[in-house]
Amino acid sequence: MNLFVRNFIQKYQRVLRKSKPENLLKLLSAIEYTEAILEITAEKLFGKVFKWLIVFVTQLTKCIIKLQLLIFHKTGIQPTPSLFNFGSLIESKKNGQSDQKGEGFFVLKHSGRTVRTIKNSPVSLEKRDWTVPTMDNSMAKTENPNTHFDPSSDKMRFLAELIYILRPICHITSMLIFKPKSWIQYAVAFSMDSTSLFLMNGTNKLSKEQKEELRRRTIALLYYLIRSPFYEFYSSSLIKLILALIEQNIIGTKFLIKYIKEYIPYWQSIYNYCWTA
């Protein structure tokens, strides 16, 4: 039995390593764009039990794909995938590109010669010095947009990303064990999100896409203000007061404020809108 399990794990690991990260990102993008539709459709056709089954399956699938990208393909921080542009995440983990760019010049691939761009060359011939531009090593490091942390060496950020990936599964499990509007499930999700951001320890040695993803996750903490049960107990009255003041003092916002008030309960009722942002 132990031999069978060991052989199965070895074969499964070989399959995981052979699968291309581009294909995984395509699948992850497709799930991200359709999960809310699947949830709404499942609830209308089959009821709430089937809805939560679909939610759990989609979140579990996303979790497995993200873990595969993190552990086997070393993608590091995983930005929210786009259906039209997912190549930048793969490119960000390739070190030492030969096409380095600097301030007004670039390095040729094969010869390594530094060439000044036409755009940054003086128009007047008298103002040109005809000297070969040099690239400062420190500038090359700071200007390289593909800097990315290696999950195998940066243990803290690896743990931070692992916590962020596992958060939806832990949150759904706590919702099933306790009530959907209990403080425990709220605390579980909030603590995992905040701990993940704390362990990331800033945006040093990260690519542009990864820095943007960290900023997006930080801003997404504001969603906890309108998530149950915090919204019902604390922020509901304050948000309604602010919306009422806007409606009274700014002309033409009446219909917009009305739709916002109606949309918040609907937004809260859909898991893939509320908790996967």
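The coordinates are above.
A brief structural summary. (Residues numbered from 1 in each chain as written. Predicted model: local features only at pLDDT ≥ 70, side-chain atom pairs only at ≥ 80, totals over all residues. Heavy atoms only, no water.)

Observations regarding the overall build of the protein
On a plain count of helices and strands, the protein comes out with 11 helices and 2 strands. If you list the helices and strands of the protein from N to C, you get α-α-α-α-β-β-α-α-α-α-α-α-α. Carbon and sulfur atoms form 63% of the exposed surface of the protein, whose accessible area is close to 17900 Å². (Helix = DSSP H or I, 4+ residues; strand = E, 2+ residues; numbered from the N terminus. Areas by Shrake-Rupley, 256 points an atom, 1.4 Å probe, with all protein chains shown as cover.)

Focus: the packing of helix α6 (residues 155-177) against helix α7 (residues 183-200)
Relative orientation of the contacting elements α6 and α7 amounts to 170°, with a least axis distance of 8 Å. In terms of axis orientation, α6 runs roughly antiparallel to α7. Along the lines of polarity and charge, the residues of the contact of α6 with α7 split into 13 nonpolar, 5 polar and 4 charged. (Axes fitted to C-alpha atoms, helices over the stretch in contact; angles between N-to-C directions. Parallel < 35°, antiparallel > 145°, perpendicular 65-115°, else oblique. Nonpolar A, V, L, I, M, F, W, Y, C, P; charged D, E, K, R; others polar.)

Re helix α9 (residues 230-249)
Taking 1.5 Å of rise per residue, 20 residues should cover 28 Å, and α9 covers 27 Å from first to last C-alpha, within 8% of that figure. Largest kink in α9: about 50°, centred on Ser236. Looking only at α9, the buried set comprises Tyr231, Ser235, Ser236, Ile239 and Leu243. Packing partners of the buried residues in α9 comprise α10 (254-269). (Expected span 1.5 Å × (residues − 1). Bend = angle between axes of the 7 residues up to and from the residue. Buried < 20%, exposed > 50% of the residue type's maximum accessible area, 1.4 Å probe, protein only. Contact = heavy atoms within 4.5 Å.)

Observations concerning the nonpolar core
Counting 16 residues, the largest nonpolar core has Tyr224, Ile226, Tyr231, Ile239, Tyr271 and Trp275 as its most contacted members. Looking at this core, the elements with two or more residues in it are α6, α7, α9, α10 and α11 (271-274). In this view, Tyr271 contacts Glu39, Trp52, Val55, Gln59, Pro168, His171, Ile172, Met175 and Thr276; residues no more than four positions away in its chain are not counted. Residues Met192, Leu199, Leu206 and Leu214 belong to the second largest nonpolar core, which totals 8 residues. (Core = buried A, V, L, I, M, F, W, Y, C linked by side-chain atoms within 4.5 Å.)

Some details on the packing of aromatic side chains
By the definition in use, this model includes 12 aromatic pairs. When the ring of Tyr186 is compared with that of Tyr224, the centres are 5.5 Å apart and the planes differ by 90°; the resulting orientation is edge-to-face. Of this pair, Tyr186 sits in helix α7 while Tyr224 sits in the loop between α8 (208-220) and α9; the two residues are 38 residues apart in sequence, bridging distant segments of the chain. The buried category is assigned to Tyr224, whose relative accessible area is 2%. Through successive ring pairs, a cluster of aromatic residues spans Trp183, Tyr186, Phe190, Tyr224, Phe230, Phe233 and Tyr234. (Phe/Tyr/Trp six-rings, centres within 6.5 Å; stacked < 30°, edge-to-face > 60°.)

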